[in-house]
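Chain by chain, the residues:
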Amino acid sequence: MSQQVLRRTLSRAVAEAAAAVARVVERPPTPETLAAVHAVRWPVHDAESLRGLGLLEESRCSAEAAERLAADHARLFVGRPGRRPVAPADAPPEAERSLRRLREEVAAAGIALPDASAPAAAQVLGTYAALLTVEVAARDAARWRRELVEDHLLTWVARCLSRVQLGAQTFLYQGVAVLGLALLRAVASAAGPSGVCDDR
């Protein structure tokens, strides 16, 4: 198998994993979302990632109730009256402006993007996934991916997932946070000037 094929396979795996994390950040998981998360072939294999996989398996085997998952999602990302969310998924003001500009450029290239009403962390993860799975001009795609990695994924999105890891009360959200952070570490270590996938 050629290096190019291997890189494309890795790009698809990273995109699938990023999209899965985005879905459970965006809203409480439905049965379909849970099935998709459990079906992901996570492209990370270090000891911490194996712990994350174990947490997802525990969530599946214990059949965590939808109500419990929804309550954890609300506590983590939405907050309650008088209480801030544990892991705010909104972008800081300066990052919000750059994300809006980047999304406008990507949309102008004809690429379908996550709903703009989704939490910003879900938008970033979903946009990154989209840029790994569509054919666009290599120079533009590389710049967009690099911006997402350097200005968003490895800064405030990583902080959000770290807070989820520390504050989640369900196996599902603990596991997704552990695997999401492992994914970001892998993206950071693999990122060349194109922001991960020099193959496109």
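Residues numbered from 1 in each chain as written. Predicted model: local features only at pLDDT ≥ 70, side-chain atom pairs only at ≥ 80, totals over all residues. Heavy atoms only, no water.

Participant: Explain the overall build of the protein here, please?
Facilitator: When helices and strands are counted, the protein shows eight helices and zero strands. Sequence-ordered secondary structure for the protein, helices as α and strands as β, is α-α-α-α-α-α-α-α. Relative to all contacts within the protein whose residues are 6 or more apart in sequence, the contacts with residues 24 or more apart total 73%. Total accessible area on the protein is roughly 9,800 Å²; 54% of this is exposed by carbon and sulfur atoms. (Helix = DSSP H or I, 4+ residues; strand = E, 2+ residues; numbered from the N terminus. Contact = heavy atoms within 4.5 Å. Areas by Shrake-Rupley, 256 points an atom, 1.4 Å probe, with all protein chains shown as cover.)

Participant: Just to check I follow, could you spell out the side chain of Thr33 for this structure?
Facilitator: Mapped onto the elements of the fold, Thr33 is located in helix H2 (residues 31-39). A polar atom in the side chain of Thr33 sits 3.0 Å from the side chain of Thr30. Setting aside chain neighbours within four positions, we find Thr33 in contact with Arg23 and Val24. (Polar contact = N/O pair within 3.5 Å; in protein donor to acceptor, adjacent residues only side chain to side chain.)

Participant: Teacher, can you tell me more about the environment of Arg68 here?
Facilitator: Note that Arg68 resides in helix H4 (residues 66-78). Since its relative accessible area comes to 45%, Arg68 is described here as partly exposed. Separated by 102 residues in the primary sequence, Arg68 and Thr170 place their C-alpha atoms 7.5 Å from one another. Dropping the residues within four chain positions of it, Arg68 is found in contact with Gln169 and Thr170. (Buried < 20%, exposed > 50% of the residue type's maximum accessible area, 1.4 Å probe, protein only.)

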